[in-house]
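Geometric and topological summary
Here is how the chains run, residue by residue.
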Amino acid sequence: MNYPRLKSFMLRSKLCLLLLLSCSWQLQADELQWHGFISQGLIQAPETNFVNLDDSISAELTDVGVNMSWGVSEKLRLAGQAVYLDGGRRYTKGTRLDYLFLDWTLYSDFDWRLNLFIGRFKNQHWLYSATRDVPFTRNAIVLPQSVYFDSFRDIAVGSDGLALKSTHDTSIGEIELNWSWGATNLSKEQGQILLSTQAQGNAEQDYVHQASVFWRPDQSAWQLGLSLLDSDFSYKKAELDLYSDGAMTVQRVMLNGRYAAEYWELSSEWVQERLDISDFYVPGFKRNSFSQGWYLQGRYNLMPRTWALLSVDIFDLDKDDRSGVKFSQSTGGMVPAYFGYQDDVTLGLTYDIKDNLRLTMEHHWVKGTARLAYPVMPDLQHNKSEYWQMWAMQLMYWF
Amino acid sequence: MNIKFAVAGFVLWACSALATEVVTHPAVPMDQLTVTQLRAIYSMRQQNWPDGKAIRVFVLSAKNPIHQSFAKEKLQMFPYQLDRIWQKITYSGLGAAPVVLTSEQQMREMVANTEGAIGYIENSDELSTLKVIHVTQ
């Protein structure tokens, strides 16, 4: 699909939002709310390149954020959040503008509500996508990589563009519809997390187009959802570069469900992702593959303030080659078959020390390395084991 | 062991006996709400009364037995589900979370003195400054 280029639109919308933000400080701030969070943890994933390369215990597990929401008028609201993230090699480290958008209520009555968002907004289409950097909103410190692949985090977390959200109370329950269109500017570092440090050229997301529906049936503990994603990327090689000019298309179909009981809950997402690569590795190269993955997480309220987590996460790089054997053969045996899948079993424990102070601990047992960096260039040097483990603990505070 | 069971039984009885009333500022132009409408208000999706005035949502802390009773009886939800909704809208920019009050007495005062306010209290006869909202299916 072809869409108009977004850059000039994004630049203009960012400037408008910054202007509005600066005005907001000069106006009466009776509708201004602000919140934040700070968390620090320890993590270790030996024999992999997931967090670091020296297998040591790492403190690169920091999430800090501060946000504000300002009601400009009854129909208009301005919201923004800045975050500092450090996840080691999982995604780019540093301070960033997480979101900054104008929320315009186009229609609102007791049964139906429609909002338009303009600016940089979060991905509202998956179960945890909108708050994946906010540690106390997640069931686990490291989210299931089949769906929330960390190398893709900077692209999947949000977009600059336009979004619509509609919630409608009907006779069969609440229906929520989301639509968004935009793109994310990729820095060189972000490009290298996707394409490896050998990529010297310029990677760009041309657009990402998403839609989703969530259904919460009346008198039911269920929530069910479906989401679709279509995105194009382009790569312009540098003068001295391992890769060639190329294009990639990523398309996702996702299903999700959640069941809430008083002392336990289940949540699950299933994803099928199409990855179409043209040129890129060498001029004339063409590959079209479908990966599949799903996870099921169960939480149980062991005692007041304490929740236990059991999570199973399954991912196959090619749904027609779940053992990875064909993939390995296609590289002449150079890349082991375990780069074709990644299955993870996680046990975790969360304890609320206070209402807004939480300690979470978890241990992962993993088979396969398909969701370790880099998605387009297996890291044979650092991901040497088919079976590996990871643990993490994180203390988090929010206000 | 028997004492533990007796205490647990008493706590369960005390919680089940706790009945809550949904209350609003006296000028709010409604006498009843459906569970779905009440959920829309407490999920912060519905932000205006039919006369256009802003809805001001007040809650007690998640650990307060009145809040737990309100969530389960009136909203037919569990407190942790409400926490998740409020955290999602607060930290992804979709809106503002309700104002958390520290006691039922403060809830009575804030709802009575704030235009467009909605809250909940333990069942009581002393309601002269508040409007009781009948919640229907």
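Residues numbered from 1 in each chain as written. Chains lettered and ligands numbered in written order. Predicted model: local features only at pLDDT ≥ 70, side-chain atom pairs only at ≥ 80, totals over all residues.

Details of the overall build of chain B
Where we set the bar: Working definition: helices are DSSP H or I runs of at least four residues, strands are E runs of at least two. Numbering for both runs from the N terminus. With C-beta atoms placed from the backbone, a residue counts as buried when 20 or more other C-beta atoms lie within 10 Å of its own, as exposed when 12 or fewer do, and as partly exposed for counts between those limits. Once C-beta atoms have been placed from the backbone, residue pairs whose C-beta atoms lie within 7 Å are recorded as contacts.
Along the backbone of chain B there are 5 helices and 6 strands. Each helix and strand of chain B, ordered N terminal to C terminal, gives the series α-β-β-α-β-α-α-β-α-β-β. The buried share of chain B, reckoned over its 137 residues, is 37%. Counting contacts in chain B only where the partners sit at least 6 residues apart, residues at least 24 apart contribute 67% of the total.

Thoughts on the overall build of chain A
From N to C terminus, chain A includes 4 helices and 16 strands. Expressed along its principal axes, the backbone C-alpha trace of chain A runs to roughly 65 × 55 × 40 Å. The proportion of buried residues among the 399 residues of chain A is 42%. Taking as baseline every contact in chain A between residues at least 6 positions apart, the subset at least 24 positions apart corresponds to 60%.

Quick notes on the interface of chain A and chain B
Put simply, the test is: In this classification, the charged set is Asp, Glu, Lys and Arg, the nonpolar set is Ala, Val, Leu, Ile, Met, Phe, Trp, Tyr, Cys and Pro, and all remaining amino acids, among them Gly, are polar.
With 24 residues of chain A in contact, the opposing surface of chain B contributes 23 residues. At the level of elements, strand 1 (32-44), strand 2 (62-71), strand 3 (76-86), strand 4 (94-108), strand 5 (112-122) and strand 6 (158-170) of chain A are the ones that each hand at least two residues to the side of chain A that touches chain B. No other element matches the 3 residues that strand 4 of chain A contributes to the side of chain A that touches chain B. Taken together, the residues that form the side of chain A that touches chain B break down as 8 nonpolar, 9 polar and 7 charged.

Some points on the sheet that holds strand 6 (residues 131-136) of chain B
Residues and elements named next belong to chain B. Note the threshold: Each pair of strands is called paired provided DSSP finds at least two bridges between the two strands. An axis is simply a line fitted to the C-alpha atoms; with a helix, the fit covers only the stretch in contact. Between two such axes, the angle follows the N-to-C directions and lies from 0 to 180 degrees.
Taken together, 6 strands build an open sheet; the order of strands is 2-6-1-5-3-4 and the sheet is mixed. Each end of this open sheet is capped by a strand with a single partner; those strands are strand 2 (32-34) and strand 4 (99-101). Between one strand axis and the next, the sheet turns through 35° on average, direction left out of account. With 2 bridges connecting them, strand 3 (residues 56-60) and strand 5 (residues 117-122) associate as parallel partners. In the strand pairing of strand 5, Arg56 is matched with Ala117. Across the face of the sheet, helix 2 (residues 35-42) comes into contact with strand 1 (20-24), strand 2, strand 3, strand 5 and strand 6 while running at roughly 90° to strand 2. Its contacts with the sheet place helix 3 (residues 65-75) against strand 1, strand 3, strand 5 and strand 6, and it is angled at close to 90° to strand 1.

Let's talk about unusual backbone geometry
Residues and elements named next belong to chain A. Cis rather than trans, the peptide bond between Ala373 and Tyr374 has omega equal to 5°. Within the element layout of this structure, Tyr374 appears in the loop between strand 15 (357-368) and strand 16 (387-398). Of note, Arg305 is a non-glycine position whose phi angle comes to about 75°, a positive value.

Comments concerning the pairing of strand 8 (residues 202-216) of chain A
As defined by bridge partners, strand 7 (residues 173-183) of chain A adjoins strand 8 of chain A across 9 bridges and the pair is classed as antiparallel. Along strand 8 of chain A, the bridge assignment pairs A:Trp181 with A:His209.

Brief notes about the pairing of strand 4 of chain A
Residues and elements named next belong to chain A. Note that strand 3 and strand 4 share 10 bridges and pair antiparallel. Bridge pairing in strand 4 places Arg77 opposite Asp103. Pairing of strand 4 with strand 5 involves 8 bridges; the strand directions are antiparallel. By the bridge assignment for strand 5, Ser108 is matched with Arg113. If you look at the hairpin formed by strand 4 and strand 5, you'll find 3 residues sitting between the two strands.

Concerning the confidence of the model for chain B
Residues and elements named next belong to chain B. Where we set the bar: Residue-level confidence of the predictor is what pLDDT reports, using numbers from 0 through 100.
When the pLDDT values of chain B are averaged, the result is 87; 87% of them are 70 or greater. Per-element confidence in chain B ranges from a low mean pLDDT of 48 for helix 1 (residues 2-17) to a high of 97 for strand 3. Overall, residues 7-16 carries pLDDT values under 50, and its contacts beyond four positions in sequence, including any with other chains, amount to 2 contacts. Across the whole predicted complex the pTM is 0.89, and at the interface the ipTM reaches 0.88.

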